[in-house]
Amino acid sequence: LEIAERIDETRLVASFCTNLGILANVQGQWEKALAYYNESIPRLEQVGQRRSLAETYHNMAMTYAGVQRWAEAGSFYEKSYTLAKEIGDIRLQATLKLNRVKLYLAINDLTYAKAFCQHAMRVFSRLEDHLGEADALKYMGMIYTQKGAWQSAEDYFNQSVNINMEYQHPLGEAEAHVEFGRMFKAKEEIDSARNQFQFAHTIYQTLELDKELKEVEKEIADL
């Protein structure tokens, strides 16, 4: 970043700021992440990198959603979706619809959550984006957990775990195990919940993700 700034490479400065924002986000430093994204945005606008701009808006929305600031998250999801439609990026549109499911779950609007999730799943299936499909299946499990439809939720979580394992995506597998554990916790099946959280804990340890480790350790302690 320092070299790119010194030689005035605006596009590279924007790219590095976005990547540093993603890194800060993974480390749980959400305010630092937003600061980097805000450094990136005017530069992306300056060089006309509309797809990268849409992705950065998306990253900002996810960062706000991660700290449950739903109004800001919704605003940046909308900005990103508008740009994704303008440039015809079908995959990004589906990803944005899927990530908005968490927002609708937070306000208990299961009708919109399910509609957005099903739409995203159809697109990912058509694009043969298996990891996107696995993520959508995880969210369907979350929706049915909130409905108290335990068997449907369990089926979706199992499908998500299996696809993530098949395509060797341990982070996605761990996230599915966490939500699977939360389902068993809601169902008051404590041993099954602990098993799912432990699967996730092992993966997070391997990936050295401290923020996620702390979160799943809290889930286990709460049992």
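About the cut-offs
The residue count restarts for each chain, going from 1 along the sequence in the order it is written. Selection of residues for local features in this predicted model requires a pLDDT of at least 70, selection of side-chain atom pairs for listing and counting requires 80 or more, and totals for whole chains, interfaces and linings are taken over all residues. Side-chain descriptors were evaluated using all non-hydrogen atoms of the structure, hydrogens and water having been removed beforehand. The aromatic pairing rule takes the rings of Phe, Tyr and Trp, using the six-membered ring of Trp, and pairs them if the centres are within 6.5 Å, calling planes under 30 degrees apart stacked, those over 60 edge-to-face and the rest tilted. Only DSSP runs of H or I with at least four residues qualify as helices, and only runs of E with at least two residues qualify as strands; both kinds are numbered from the N terminus onward. Residue burial is assigned from relative accessible area. The probe radius is 1.4 Å, only protein chains are included, and a residue is buried under 20% of its type maximum, exposed over 50%, and partly exposed in between. To sit over a ring, a charge needs its Lys NZ or Arg CZ within 6 Å of the ring centre and within 35 degrees of the ring normal. In this analysis, axes come from line fits to C-alpha atoms, helices being fitted only over the stretch in contact, and the angle between any two N-to-C directions falls in the range 0 to 180 degrees. An angle below 35 degrees is read as roughly parallel, one above 145 as roughly antiparallel, one from 65 to 115 as roughly perpendicular, and any other as oblique. For any helix crossing, the convention is left-handed if the near helix is rotated counterclockwise from the far helix by under a right angle, and right-handed if that rotation is clockwise. We call two residues in contact whenever any of their non-hydrogen atoms come within 4.5 Å of each other. In the analysis that follows, any N or O atom pair within 3.5 Å is treated as a polar contact, provided that within protein one partner can donate a hydrogen and the other can accept it, and provided that, for residues neighboring in sequence, both atoms belong to side chains.

Chemist: What should I look at first to understand the packing of aromatic side chains in this one?
Modeler: Two measures describe an aromatic ring pair: the distance that separates the ring centres and the angle between the ring planes. Throughout the structure, instances matching the rule amount to eight aromatic pairs. Residues Phe-180 and Phe-184 carry aromatic rings whose centres are separated by 5.0 Å and whose planes lie at 20° to one another, so their mutual orientation is stacked. A residue pair is termed a helical-turn pair when its members lie 3 or 4 positions apart in one helix, as Phe-180 and Phe-184 do in helix H10 (residues 170–186) at four residues. A relative accessible area of 3% means that Phe-180 is categorised as buried. The exposure class of Phe-184 is buried, given its relative accessible area of 7%. Three or more aromatic residues link up through ring pairs in this structure, and these residues are Tyr-57, Tyr-64 and Phe-76. Directly above the aromatic system of Tyr-139 lies the positively charged group of Lys-138, at a separation of 4.7 Å from the ring centroid. When the ring centre of Tyr-144 is taken as origin, the NZ or CZ atom of Lys-147, which lies over that ring, is 5.0 Å away.

Chemist: Would you mind going over the packing of helix H9 (residues 150–166) against H10 with me for this structure?
Modeler: The relative placement of two packed helices comes down to the angle between their axes together with the axis-to-axis distance. The interhelical angle for the contact between H9 and H10, taken along N-to-C directions, is 160°, at an axis separation of 9 Å. In terms of orientation, H9 and H10 fall into the roughly antiparallel class. Crossing of H9 against H10: the hand is left-handed. Contacts between H9 and H10 pair Trp-150, Ala-153, Glu-154, Phe-157, Asn-158, Ser-160, Val-161, Asn-164 and Met-165 from the former with Gly-172, Glu-173, Ala-176, His-177, Glu-179, Phe-180, Met-183, Phe-184 and Ala-186 from the latter.

Chemist: What is the right way to look at the environment of Thr-63 in this model?
Modeler: Here Thr-63 lies in helix H4 (residues 50–66). When its relative accessible area of 2% is taken as the criterion, Thr-63 is described as buried. Between the C-alpha atom of Thr-63 and that of Gly-181, which follows or precedes it by 118 residues, the distance is 23 Å. Non-local contacts of Thr-63, meaning those with residues more than four positions away in its chain, are made with Asn-25, Trp-30, Ala-33, Leu-34 and Tyr-37. A polar side-chain atom of Thr-63 sits 2.7 Å from a polar atom in the side chain of Asn-25.

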